[in-house]
Amino acid sequence: MKIGFLGLGIMGRPMAGHLKAAGHDVTVVERKSLTAEDRATFAVVPTAAAVAAGAEIVITMVPDTPDVEAVLFGADGVAAGLKPGTLVIDMSSISPTQTKIFAEKIKALGGEYLDAPVSGGEVGAKNAALTIMVGGAQASFDRALPVFEKMGKNITLVGEENGAGQTCKVANQIIVALTIEAVGEALVFASKAGADPAKVRQALMGGLATSRILELHGERMIKRTFAPGFRIELHQKDLALALSAGKELGVALPNTASTAQLMASCAAMGGGAWDHSGLVKALETMAAHKVAPDA
């Protein structure tokens, strides 16, 4: 297929690379951040409109709701070059409410739209093992499935209305954030009590408390490896979406709110670009004790 890919970030770059490796023609937009390898791998055109004009499918993978809006509907955006029948797939993590608005605008231009946010972070993107949560029409999902299968493994059409995928991603981010907080709290507690946090983690990996977060992020907390990964500032954005949606729905999210405050504390310490496992630093500050010495 001819695929336009907008957003070559930490996750977008390997995702686009998998599509190219699978034999698809992948076009990206000109950016100063493009590496020599990017330029050798992908076709490069001046604008998002030009990307859309030559594509059967356009994928966006950018940080936040305003970024998606700008890429789709800004000057020389996707909408300006969209052809009838083009499938737009937003794989960013953004507002479910705004997603519905964006989808209606694309459909009014004759396009199709799927919201398909992902989970799995940089590791999942590099290993083509992302979880992909999709909202949109079954026919559009069926059309996109062979493309999704080159980037992920657990691929689910959550609902046939746009916004369903983004709602699922918000739920995912609540679980991930609260589990990171729980792992951090447990390791701070264990370490300050005099136990070896590495051995505590090893023991817990064999019991009911085991999780991928304990496995991956627990190790980061112990080894002090807080390079992203997935940045705290992006997870802050996702929790803000959760709290905003919760307010709209009349749903109390008390632990989401408290974890969002811990992330805000990290950001205030200059840690917005830390991996979200760096949330443990806020807990360490309150305990006046580190899980392990900094590397």
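Note that this is a predicted model, so its numbers are computed, not measured.

(A) The arrangement of the overall build of the protein chain in detail. On a plain count of helices and strands, the protein chain comes out with 14 helices and 9 strands. Here the C-alpha radius of gyration of the protein chain, 20 Å, is about what a compact globule of 295 residues would show, namely 19 Å. Projected onto its principal axes, the C-alpha coordinates of the protein chain cover approximately 65 × 45 × 35 Å. Across the 295 residues in the protein chain, those meeting the buried criterion constitute 48%. When contacts within the protein chain are restricted to residue pairs at least 6 apart in sequence, long-range pairs at least 24 apart make up 66% of them.

(B) Representation of the packing of helix H9 (residues 164-192) against helix H11 (residues 212-223) within the structure. Contact pair H9 / H11: the axes reach a minimum separation of 10 Å and the direction vectors enclose 50°. In terms of axis orientation, H9 runs oblique to H11. Here H9 runs over H11; the crossing is right-handed. From H9, Val176, Thr179, Ile180, Val183, Gly184 and Leu187 reach across to H11, where they touch Ile213, Leu214, His217, Gly218, Met221 and Ile222. In terms of residue class, the contact of H9 with H11 is made up of 8 nonpolar, 4 polar and no charged.

(C) Looking closely at the packing of aromatic side chains. All told, the structure shown has 2 aromatic pairs when counted by the stated rule. Between phenylalanine 73 and phenylalanine 102, the aromatic rings sit 5.8 Å apart at their centres with planes inclined by 55°, giving tilted as the arrangement. In this pair, phenylalanine 73 sits in helix H4 (residues 65-73) while phenylalanine 102 sits in helix H6 (residues 96-108), placing the two residues 29 residues apart along the sequence. Assessed through its relative accessible area of 25%, phenylalanine 73 is described here as partly exposed. Overall, phenylalanine 102 belongs to the buried group, its relative accessible area being 0%. Judged by centre distance (6.3 Å) and plane angle (40°), the rings of phenylalanine 141 and phenylalanine 148 are tilted. A relative accessible area of 0% places phenylalanine 148 in the buried class. Sitting over the ring of phenylalanine 73, lysine 105 keeps its end group 5.0 Å from the ring centre. The ring of tryptophan 274 carries lysine 281 above its face, with NZ or CZ at 4.2 Å from the centroid.

(D) Inspection of unusual backbone geometry at higher detail. With an omega of 10°, the peptide bond between proline 228 and glycine 229 qualifies as cis. Its identity is not glycine, yet alanine 128 carries a phi of approximately 55°, on the positive side. One can find alanine 128 in the loop between helix H7 (121-126) and strand E8 (130-135). For arginine 224, which is not glycine, the phi dihedral falls at a positive 65°.

(E) Fine view of H6. For H6, with 13 residues, the first-to-last C-alpha span of 19 Å sits near the 18 Å given by 1.5 Å per residue. All buried positions along H6 are accounted for by Pro96, Thr99, Phe102, Ala103 and Ile106. Burial along H6 is one-sided: seen end-on, the buried residues are contained in an arc of 110°. Exposed side of H6, more than 90 degrees from the buried face: Glu104 and Ala108 are the residues found there.

Analysis parameters
- Residues numbered from 1 in each chain as written.
- Predicted model: local features only at pLDDT ≥ 70, side-chain atom pairs only at ≥ 80, totals over all residues.
- Heavy atoms only, no water.
- Helix = DSSP H or I, 4+ residues; strand = E, 2+ residues; numbered from the N terminus.
- Rg over C-alpha atoms; globule rule 2.2 N^0.38 Å.
- Buried < 20%, exposed > 50% of the residue type's maximum accessible area, 1.4 Å probe, protein only.
- Contact = heavy atoms within 4.5 Å.
- Axes fitted to C-alpha atoms, helices over the stretch in contact; angles between N-to-C directions.
- Parallel < 35°, antiparallel > 145°, perpendicular 65-115°, else oblique.
- Left-handed = near helix turned anticlockwise from the far one by under 90°.
- Nonpolar A, V, L, I, M, F, W, Y, C, P; charged D, E, K, R; others polar.
- Phe/Tyr/Trp six-rings, centres within 6.5 Å; stacked < 30°, edge-to-face > 60°.
- Lys NZ or Arg CZ within 6 Å of the ring centre and 35° of its normal.
- Expected span 1.5 Å × (residues − 1).
- Arc of directions from axis to C-beta.

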